[in-house]
Amino acid sequence: MSNQSEAPVASLATDHAADGDVLLKVENLVKYFPVASTSLFSRRRDFVHAVEGVSLEVRRGQTLGLVGETGCGKSTLARCIMRLYDITSGKITFDGHDITKLSRGRMRPLRRDMQMIFQDPYGSLNPRRRVGSIIGDPFAIQGIADGADRKKKVQEVMELVGLNPEHYNRFPAEFSGGQRQRIGVARALAVRPKLIICDEPVSALDVSIQAQIINLLADLQQEFGLTYIFIAHDLSVVRHVSDRVAVMYLGQISESAPTRELWHHPRHPYTDALLSAVPVPNPEAADQRERIILVGDVPSPVAPPSGCRFHPRCPKAAPTCVDTEPELIARLGDGPEHLTKCHFPVEDGEDISLAKPTIGAENRVVETGILAGGDVVLPEALTAEADTKEEA
Amino acid sequence: MSQSLASVEPPPTEPPAGGGEGAPVRKIEGRSPWRLGLERLVRDRAAMISLGVIVIIVLVAILAPVIAAITGHGPNQTFQSIGLTAIGQPKGPNATFLLGTDDQGRDIMVRIAYGARISLIVGVLATALTVAVGAIVGLIAGYFGGVTDSILARFMDWLLAIPFLLFAISLVTIIGAGLTVVIIVIGFFGWASVGRIVRGQVLSIKEREFVEAARALGSGPWRIMFIDILPNVIAPIIVYSTLLIPLSIVTEASLSFLGVGIPAPTADWGQMISASQSVYQYGAWWYLVFPSAALLITTLAFNIFGDGVRDAFDPRGDQLFV
Amino acid sequence: MALLEVNDLRVSFRTPDGIVQAVRGLSFDVDTGKTLGIVGESGSGKSVSTQTIMGLVRGARVSGTALFEGQDLLTMGSRDLQRVRGAEVGMIFQDPLSSLHPYYKVGWQIGEMIRQHDKSVSKSEARKRAVDLLRLVGIPQPDRRVDDYPHQFSGGMRQRAMIAMAMALNPKLLIADEPTTALDVTVQAQVLQVMKTLQEEFGTAIIMITHDLGVIADIADEVIVMYAGAVMERAGRRAIFYENHHPYTEGLLQSLPGYGDDRERLLPIPGSPPSLINLPSGCPFHPRCPYVMDRCKTDVPELAPVGGDVTHLSACWLPHDMDARNARRKDVIGHAEPAPAEALAGAEAAGGEA
């Protein structure tokens, strides 16, 4: 991983200058999950290559956005960083401490500084515990406050996130989805961590509530100098909150750059397609833009493709892409902050929907039917019925 | 300073007046899962009636000495002259002995009242023991998994495979009959079924996100088991307990019936039923019928109430048993 | 005559806590070959309304009419309704894993549906049609995949298979209830493309129910915005985005991170959606509306044309003359916040795609 320069990053979420020092550093993190093999006596073990060699840095006070689709490994990466899983290989350095192999006991005091907000406001809170007790957990576990003192602190943080402190004794079921997510935020914030990993914190919420929570997170970041890793699949949200964005595909980072830079100059064809697929609430923009419709689905992480993992679906795939895995480096004259993992990155102004892959059909996904372009071949039965209906 | 954040937008928890959640008119939401279950239970007529019957039985058990005092007959007091007929047979229900006498001239009604004590004590205590041990073992096996789980689960399977009565009889014969022994024997064989159920519940609960959240906070396994997971399995445990109580009562009665339960002369329903066999052929139907009826009514009441509890706290039913 | 005309649909449910008024006076029509988008958040009644129209809801009290080609679906007998379902009106739901039967092969399910409606079709013929349909929607190797079970398909494929099944009998109307919500964004693009192309080829009318305004901008011709069981605004696509009248529509758009230019803070709608049992008096949105007036708290506004245009209706007490409304808006907001159209023009210059 190249050295990050001290150049201030275009900041949307924070207006105090980035501290520059690195709070979290991940080096070549690999996480495989064993999969039960189908045969009873087979010695061969299959693995889900959930995360394959991810390196990244997060600076104090900043927000790193992590986007990707199903199977890209972003949630697994987050849990590896939180040491909820043991990692297969690699190194994680948090606030100067190497936490890769720490035991649970040694990890606990560090957990005070590293917290997580979960996606599901309904599942991430224990339905049989009162809210005050749930938010009080971090205090209890870290041994910080007790009894009346703890209650006071819990009520303080409830107020901070916009909850009524008098609802201390209620159960989660008595709150709406947005409020429950606030409870989750309160729990994460309770002991004033340095880093909060937000795993899809607003995906399960209604649109009008999402904005409330996003604002809340931004306000808290300013007030407490928090650092966020923000995981989402909704690119508009990620764009709004992040200073830097890393795009993941099949367990690897395919591109990472400061937010504005990524949106204006996407280099990786996957990023390009992703950006073009995001629905924008703007009919004119929707009509005008080029549609890059990717073929096929995300392949299974059990048997990832060789070379560049994106080659089966890439409109620009060439034989090199099948053989050689590209490095995550700055390309096409980009600065050291903009890294792309692609042999043939997208130039400014290039329209990849016009590109044609130069690899054989055995190495790529071929779209059929309607999405193949060209003429649509209608099934006989349907045309016959259409005819009879017209006559009727 | 910290107030400023919350006051940027109007407090989102209480939408302004005009109806909706939290309106002073009537609170729709805002009931804990326990309240909801309780309300459902109260609406269940069958359950409430059987609860009433249970309360009556409990009162009878508590007031057994009062009943003895009112009638003037102790539970173990034999009335040779007024309690037996000329040829030494039990007397049927009459003005003095409302439910008749047994083969030794003792007042059946008073003995039934005292027998209720035994049945209830054994029922409740044995169940409590069963549930406590079963829940803890189930929690440990379910949460830790791996080797621990394999060993404990196999042990539970083994226990469930043991023919209960044979072992119960052997144990009592070795240790000697008595109230404590009976409670322990019933508890010892019963906990495995609770354990299996709890283990199953724990296996699915530990995958839920709030458990992951607890681990993310640094919570240790024991804390997670007892503070996070246990409250979620308590509901099925409670339901299962209300069904275990009648089972324990009947088991105790069976053991006493076979002569390996509560020893004579303590008043005990199972024992009474057993003893009634010898005089039944001489026409002393009351000695068989009344204790049997008491046992039946008690068991039925607990069963129906237990059904009601299950329906109230777990209306979908499918979540309860794996 | 429109293909589907719904008039004053009202749906309510009795619950132990009270009567839930899920839909309160919904009216709309759908024309052949057009797409109607119904937008709303949870509790808006958008799903319940179409499910009720198709007779998929039990235990509800329903009133109003839903005329499909002149026949009222709400009073139709169950046999007739069964005939309509599938053959005339197709439905796609959000989660194909729960709407496709997990124990039957996908091809078999499609084939069975065809044969249900046309007894003369043989099993082999039905299977052949299923293969053709799967090929049409782009399932690779359809002759093999037709014998797969739903769990063997990926999410996007499953949804496409659902579309194939819904289109099997060439229905005139396709009701899609949040079809892409659970899908990845690139897969969503594929599925929407399939739907649009099918509409072009077959002239199918589509009702697209979603909470995602981006999808609406992409695919809808006419849009209905629902809140708390009632219609707040109804207009063509452009009007909803660029000339919206109702404060809820405006609030929804403004709370989106993708809308307008990059701002420091989003503008969420304060508060939360109301209980459908204890609805606020007057306009259901008034507790959260930045422009609330006294009248809003007592009188329920009716849908009325905006600026004299009968294709643009809004249920709001704000003046229906757009200039007067914008003037009042400036009063309330206080400073000159860019109106939506200007903000979007700004977005074109600053952001957007490469």
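Residues numbered from 1 in each chain as written. Chains lettered and ligands numbered in written order. Predicted model: local features only at pLDDT ≥ 70, side-chain atom pairs only at ≥ 80, totals over all residues. Heavy atoms only, no water.

Focus: the nonpolar core
Right, on to step 1. Counting residues in each nonpolar core, the largest one holds 70 residues, and the members touching the most others are Ile135(A), Ile196(A), Leu220(A) and Leu235(A).
Right, on to step 2. One finds Leu100(C), Ile114(C), Phe153(C) and Val215(C) within the second-largest nonpolar core, a separate group that totals 44 residues. (Core = buried A, V, L, I, M, F, W, Y, C linked by side-chain atoms within 4.5 Å. Buried < 20%, exposed > 50% of the residue type's maximum accessible area, 1.4 Å probe, protein only.)

Examining the domain arrangement of chain C
Residues and elements named next belong to chain C.
Right, on to step 1. Here chain C is described as being made up of domain 1 (4–220) and domain 2 (245–347).
Right, on to step 2. Relative placement of domain 1 and domain 2: their C-alpha centres are 31 Å apart.
Right, on to step 3. Tallying the contact residues gives 12 residues for domain 1 and 8 residues for domain 2.
Right, on to step 4. For the pair domain 1 and domain 2, the summed buried area comes to about 920 Å², and 66% of that belongs to carbon and sulfur atoms.
Right, on to step 5. It is Arg 24, Glu 41 and Leu 213 in domain 1 that bury the most area against domain 2; as a group they hold 47% of the surface buried on that side.
Right, on to step 6. At the junction of domain 1 and domain 2, the tally comes to 0 salt bridges.
Right, on to step 7. Summed over the shared surface of domain 1 and domain 2, the number is 2 residue pairs in polar contact (both at pLDDT 80 or more).
Right, on to step 8. If one sorts the elements of the side of domain 1 that touches domain 2 by residue count, strand 2 (residues 18–30) sits on top with 6 residues.
Right, on to step 9. Grouping the constituent residues of the side of domain 1 that touches domain 2 by class yields 5 nonpolar, 4 polar and 3 charged. (Domains from an automatic or database assignment. Contact = heavy atoms within 4.5 Å. Buried area = accessible area lost by both parts, 1.4 Å probe. Salt bridge = Lys/Arg side-chain N within 4 Å of Asp/Glu carboxyl O. Polar contact = N/O pair within 3.5 Å; in protein donor to acceptor, adjacent residues only side chain to side chain. Helix = DSSP H or I, 4+ residues; strand = E, 2+ residues; numbered from the N terminus. Nonpolar A, V, L, I, M, F, W, Y, C, P; charged D, E, K, R; others polar.)

As for the confidence of the model for chain B
All names here are of chain B.
Right, on to step 1. Counting all residues, the mean pLDDT for chain B is 82, and 87% of those residues have values of 70 or more.
Right, on to step 2. Below pLDDT 50 for its whole length, residues 1–28 participates in 51 contacts with residues either more than four positions away or in separate chains.
Right, on to step 3. Long-range and interchain partners of residues 317–322, a stretch whose pLDDT sits below 50, account for 12 contacts in this model, where long-range means more than four residues apart. (pLDDT = per-residue confidence, 0-100.)

Points about the sheet that holds strand 5 (residues 71–72) of chain C
Residue and element names in this part refer to chain C.
Right, on to step 1. With respect to topology, 4 strands assemble into an open sheet ordered 2-1-4-5, the strand pairing being antiparallel. Two strands lie at the open edges of the sheet, namely strand 2 and strand 5, each paired on one side alone.
Right, on to step 2. Note: strand 1 (residues 4–15) against strand 2, 10 bridges, orientation antiparallel. Bridge assignment links Leu 9 to a residue of strand 2, and that residue is Leu 26.
Right, on to step 3. Here helix 1 (residues 46–53) sits on the sheet in contact with strand 1, strand 2 and strand 4 (60–68), set at roughly 105 degrees to strand 1. (Pairing = 2+ DSSP bridges. Axes fitted to C-alpha atoms, helices over the stretch in contact; angles between N-to-C directions.)

Thoughts on the pattern of salt bridges
Right, on to step 1. For the coordinates displayed, the defined rule picks out 47 salt bridges over all chains.
Right, on to step 2. As a salt-bridge pair, Arg295(C) and Asp299(C) come within 3.2 Å of each other at their nearest N and O atoms.
Right, on to step 3. The exposure class assigned to Asp299(C) is partly exposed, which follows from its relative accessible area of 31%.
Right, on to step 4. By sharing partners, the salt bridges in this structure join Asp21(A), Arg60(A), Asp95(A), Asp113(A) and Lys194(A) into a single network.

Observations regarding the packing of helix 3 (residues 45–62) of chain B against helix 6 (residues 108–144) of chain B
Residue and element names in this part refer to chain B.
Right, on to step 1. Taken N-terminus to C-terminus, the directions of helix 3 and helix 6 make an angle of 115 degrees; their axes are 7 Å apart at the nearest point. Taken together, the axis directions place helix 3 and helix 6 in an arrangement best described as roughly perpendicular. Like other packed secondary-structure pairs, helix 3 and helix 6 cross with a definite hand, here left-handed. When helix 3 is examined against helix 6, the residues Ile 57, Val 58, Val 60, Ala 61 and Ile 62 are found in contact with a partner set consisting of Ala 113, Ala 116, Arg 117 and Leu 120.
Right, on to step 2. Tallied by class, the residues present in the contact of helix 3 with helix 6 amount to 8 nonpolar, no polar and 1 charged. (Parallel < 35°, antiparallel > 145°, perpendicular 65-115°, else oblique. Left-handed = near helix turned anticlockwise from the far one by under 90°.)

Details of the sheet that holds strand 10 (residues 230–236) of chain C
Residue and element names in this part refer to chain C.
Right, on to step 1. Read across the sheet, 8 strands follow the order 6-7-8-3-9-10-12-11 without closing on themselves; strand pairing throughout is mixed. In this open sheet, the two strands that pair with only one neighbour each are strand 6 (89–92) and strand 11 (304–306). Averaged over neighbouring strand pairs, the angle between their axes works out to 25 degrees when direction is ignored.
Right, on to step 2. In this structure, strand 3 (residues 35–39) lies alongside strand 9 (residues 222–227), joined through 4 bridges in parallel fashion. Counted as the bridge partner of Val 39 is Val 225 from strand 9.

Regarding the interface of chain A and chain C
Right, on to step 1. Chain A puts 59 residues into the contact, and the matching count from chain C is 69 residues.
Right, on to step 2. Buried surface at the junction of chain A and chain C, summed over both partners, amounts to about 5700 Å²; 54% is from carbon and sulfur atoms.
Right, on to step 3. Across the chain A-chain C interface, the total number found is 2 salt bridges.
Right, on to step 4. At the junction of chain A with chain C, the criterion picks out 15 residue pairs in polar contact (both at pLDDT 80 or more).
Right, on to step 5. The set of elements that each furnish at least two residues to the side of chain A that touches chain C consists of helix 6 (207–224), helix 7 (235–241), helix 8 (259–264), helix 9 (269–277), helix 10 (283–288) and helix 12 (380–391) of chain A.
Right, on to step 6. Here the element with the most residues in the side of chain A that touches chain C is helix 6 of chain A; it accounts for 8 residues.
Right, on to step 7. Its residues assigned to classes, the side of chain A that touches chain C shows 31 nonpolar, 13 polar and 15 charged.

Things to note about the side chain of Thr227(A)
Residue and element names in this part refer to chain A.
Right, on to step 1. By the element assignment, Thr 227 lies in strand 8 (residues 227–232).
Right, on to step 2. For Thr 227, a relative accessible area of 0% translates into the label buried.
Right, on to step 3. Polar side-chain contacts of Thr 227 include one of 2.8 Å to the backbone nitrogen of Gly 61.
Right, on to step 4. Residues contacting Thr 227, with those up to four places away along its chain left out, are Leu 23, Val 58, Arg 59, Arg 60, Gly 61, Gln 62, Lys 194, Leu 195, Ile 196 and Gln 221.

Some remarks on the interface of chain B and chain A
The extent of an interface is frequently quoted as the accessible surface area lost upon association of the parts.
Right, on to step 1. Counting residues at the interface gives 34 residues for chain B, matched by 41 residues for chain A.
Right, on to step 2. Taking both sides of the interface into account, the surface hidden between chain B and chain A amounts to around 3400 Å²; carbon and sulfur atoms contribute 53%.
Right, on to step 3. Summed over the shared surface of chain B and chain A, the number is 4 salt bridges.
Right, on to step 4. Linking Arg129(A) and Asp228(B) is a salt bridge whose minimum nitrogen-to-oxygen distance equals 2.8 Å.
Right, on to step 5. Summed over the shared surface of chain B and chain A, the number is 9 residue pairs in polar contact (both at pLDDT 80 or more).
Right, on to step 6. Of all the secondary structure elements, the ones that give two or more residues to the side of chain B that touches chain A are helix 1 (2–7), helix 2 (33–43), helix 10 (209–216) and helix 11 (221–257) of chain B.
Right, on to step 7. When residues in the side of chain B that touches chain A are grouped by element, the largest group, 7 residues, is from helix 11 of chain B.
Right, on to step 8. Classifying every residue of the side of chain B that touches chain A gives 14 nonpolar, 9 polar and 11 charged.

Let's talk about unusual backbone geometry
Residues and elements named next belong to chain A.
Right, on to step 1. Although it is not a glycine, Arg 192 sits at a positive phi angle of roughly 55 degrees.
Right, on to step 2. If you trace the backbone, Arg 192 turns up in the loop between helix 5 (177–189) and strand 7 (195–199).
Right, on to step 3. Notably, Glu 200 is not glycine yet its phi reads approximately 50 degrees, a positive angle.

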